[in-house]
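Below are the chains, spelled out letter by letter.
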Amino acid sequence: MKTRLLIFLCLLVTQLPANAEEQRLQVVTSFSILEDLVGELGGEHVSVVNLVGRNSDAHMYRPVPSDAVAIQRADLVVYNGLGFEGWIERLLDNKGAGTTQLAASGGVDVIVNDGEIDPHAWQSFSNIDLYVNNISRMLIKLMPEHVEYLTRRQQDYLAEVDRLEKQLSARLDKTPLQARIVVTSHDAFGYLGREFNIQFLAPLGLSLEVDPSAEDVATVVEQIRERQVNALFLENINNPRLMQSISEETGVSIGGRLYSDALSEVDGPAATYLNMMRHNVESLINAFNTSTKH
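Please read these numbers as outputs of a predicted model, since none were measured by experiment. (Residues numbered from 1 in each chain as written. Predicted model: local features only at pLDDT ≥ 70, side-chain atom pairs only at ≥ 80, totals over all residues. Heavy atoms only, no water.)

Notes on helix 2 (residues 32-42)
Stated formally: Residue burial is assigned from relative accessible area. The probe radius is 1.4 Å, only protein chains are included, and a residue is buried under 20% of its type maximum, exposed over 50%, and partly exposed in between. In this text, helices come from DSSP runs of H or I with a minimum length of four residues, and strands from runs of E with a minimum of two, each type numbered from the N-terminal end.
Of all 11 residues in helix 2, eight are buried, a share of seventy percent or more. All of the buried residues along helix 2 are Ser-32, Ile-33, Leu-34, Asp-36, Leu-37, Val-38, Leu-41 and Gly-42. Just downstream of helix 2 lies Gly-43, where phi reads positive at about 55°.

What follows is the structure, given as structure tokens:
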């Protein structure tokens with residue numbers, strides 16, 4: 001009798017996590033920044049499958065069969081939009097009948113360069129407020145029974161965003177506007193530049209699918225020399241050879257690594273969205289302050 005009771009209790013315990021997992025909203029996110037946001041906002045009531053991993057380039061991503069399966073099984077698919085994930089439309093065409101989709105960037109004040117929309121809208125605190133509200137609104141719509149829990153997490157996260165923005169703005173205010181010039185691998189920081197009055201120069205355009213021409217690189221090198229730029233940065237998703245070549249040609253050292261389209265590994269400096277923004281802006285501030293002392 002005791003043996004049967006013990007077996008029954010063991011079976012009950014092993015079934016609990018599975019049942020709890022089934023009760024969670026099944027969410028697929030397109031890349032790591034959205035994975036972090038959905039996890040933060042949904043908490044214990046969401047189970048997230050992410051497609052493009054940490055330190056990986058969503059521009060160049062090629063979907064695999066398991067991606068289509070995940071989307072078929074999902075309750076919700078969250079992607080950036082603005083043309084960032086050109087590959088996701090084919091997957092969404094075959095989504096399950098009960099799958100809802102959300103473009104998290106809805107409502108942002110977009111930047112347009114040469115007729116092309118800049119999709120990197122998450123590189124802005126004001127924009128990320130919109131992302132958070134869009135995601136939370138959808139989670140509440142799909143899980144109205146958890147409205148109090150989800151609303152509290154939304155409000156707490158927005159408060160964290162606001163605190164970090166104020167801290168970084170106060171530090172950056174000490175840097176003269178003319179010193180806020182930086183060169184990065186590709187043009188992923190336009191929204192951050194607009195928000196903090198930082199000018200970013202890049203030999204690559206908005207996408208990494210096309211290699212820069214010799215003329216593009218020469219233009220950036222000339223700008224570095226003319227404007228006495230003292231801040232060059234690598235990106236976590238790019239091959240460093242281009243920036244190393246520019247550094248050698250100009251004599252300007254590389255100031256570190258910025259995180260643009262993907263988070264770092266979980267033990268890295270940009271493991272979450274908030275940590276990514278803190279790391280990026282503090283790295284820029286340190287580089288600007290170093291250059292103004294020379």
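Things to note about the side chain of Thr-175
For the record, the criterion: Throughout, a contact is declared for two residues whenever any of their heavy atoms are within 4.5 Å.
Assignment of secondary structure puts Thr-175 in the loop between helix 6 (147-172) and strand 7 (181-183). Other than its neighbours up to four places away in sequence, Thr-175 contacts Arg-180, Phe-288 and Asn-289.

With respect to unusual backbone geometry
One non-glycine residue, Leu-82, lies in positive phi territory at about 60°. Within the secondary structure, Leu-82 is located in the loop between strand 3 (76-79) and helix 4 (88-92). What makes Leu-82 partly exposed here is its relative accessible area of 27%. Despite not being glycine, Asn-197 has its phi angle at roughly 55°, a positive value.

Structural notes on the sheet that holds strand 1 (residues 25-31)
Formally: Only strands that DSSP links by at least two bridges are regarded as paired with each other. Structural elements are reduced to axes, namely lines fitted to C-alpha atoms, with helices fitted over the stretch in contact, and the angle between N-to-C directions of any two is expressed from 0 to 180 degrees.
Read across the open sheet, the four strands follow the order 2-1-3-4; overall the sheet is parallel. In this open sheet, the two edge strands, each paired with only one partner strand, are strand 2 (46-52) and strand 4 (100-103). With direction set aside, neighbouring strand axes in the sheet form an average angle of 20°. Here strand 1 runs beside strand 3; their pairing, made up of three bridges, is parallel. Among the inter-strand pairings, Val-27 is bridged to a residue of strand 3, identified as Leu-76.

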